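Structure assessment
Take a look at the letters that make up each chain.
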Amino acid sequence: MDDYSADTVVVTPQGLVADQAPAKGPGIYSGQAQARRVFTTLTDKDHHPGIKAMETTIEPAGPDSVILHWVQFKGQPQQVSGKDAFIVRDDKIVFQAIFVD
């Protein structure tokens, strides 16, 4: 989490993080502790068995932004893909939005 600023904001689609499922709209998480909660949930092997690798490509989107294109389970029936948009300031991620296709 050292790549994230102390006041980072991570936005997820509705229901992506299990504890927000009843919420309407996206999940919005502020600060490193909340960002850690998102990534702990998304990478928990007990809830996401079989995710061992993710193909990624990076697309520069401006002087302080990048889009990460990702695919899990490529070519399999359970394939899922999406994009993450990042804003970076002073070498720290200050904003990330996760989009699932």
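Our structure's up above, just so we're on the same page.
Since the structure is predicted, the reported quantities are computational estimates derived from the model, not experimental observations.

Counting 10 residues, the largest nonpolar core is built from Tyr4, Val10, Tyr29, Ala35, Val38, Val66, Leu68, Phe86, Ile93 and Ile98. Every element with two or more residues in this core is listed here: β1 (4–12), α1 (32–43), β4 (65–72) and β6 (92–100).

On to the pairing of strand β3 (residues 54–62). Here β3 runs beside β4; their pairing, made up of 8 bridges, is antiparallel. What sits directly across from Glu59, in β4, is Ile67. Between β3 and β4, which follow one another and run antiparallel, lie 2 residues.

Right, let's get into the pattern of salt bridges. A pair can form between side chains of opposite charge whenever their charged atoms are brought close. Tallied over the entire structure, the rule returns 3 salt bridges. Between Lys74 and Glu55 there is a salt bridge whose closest N-O contact spans 3.5 Å. Of this pair, Lys74 sits in the loop between β4 and β5 (80–89) while Glu55 sits in strand β3, placing them 19 residues apart in sequence. Judged by relative accessible area, which is 44%, Glu55 ranks as partly exposed.

Moving on, we come to the environment of Ile98. Tracing the chain through its elements places Ile98 in strand β6. For Ile98, a relative accessible area of 7% corresponds to the buried category. Spatially, the C-alpha atoms of Ile98 and Val11 are 6.2 Å apart, while their sequence positions differ by 87 residues.

A separate point is the sheet that holds β3. Sheet strands line up and pair through hydrogen bonds in the backbone, either parallel or antiparallel. Ordered in space as β2-β1-β6-β5-β4-β3, the 6 strands form an open sheet in which the pairing is mixed. Only two strands of the sheet have a single neighbouring strand rather than two, namely β2 (27–30) and β3. Along the sheet, successive strands turn relative to each other by an average axial angle of 15°, direction set aside. Across 8 bridges, the pairing between β4 and β5 is antiparallel. Across the sheet, Val71 pairs through a bridge with Ser81, a residue of β5.

Reading guide: rules and limits
Residues numbered from 1 in each chain as written. Predicted model: local features only at pLDDT ≥ 70, side-chain atom pairs only at ≥ 80, totals over all residues. Heavy atoms only, no water. Core = buried A, V, L, I, M, F, W, Y, C linked by side-chain atoms within 4.5 Å. Buried < 20%, exposed > 50% of the residue type's maximum accessible area, 1.4 Å probe, protein only. Helix = DSSP H or I, 4+ residues; strand = E, 2+ residues; numbered from the N terminus. Pairing = 2+ DSSP bridges. Salt bridge = Lys/Arg side-chain N within 4 Å of Asp/Glu carboxyl O. Axes fitted to C-alpha atoms, helices over the stretch in contact; angles between N-to-C directions.

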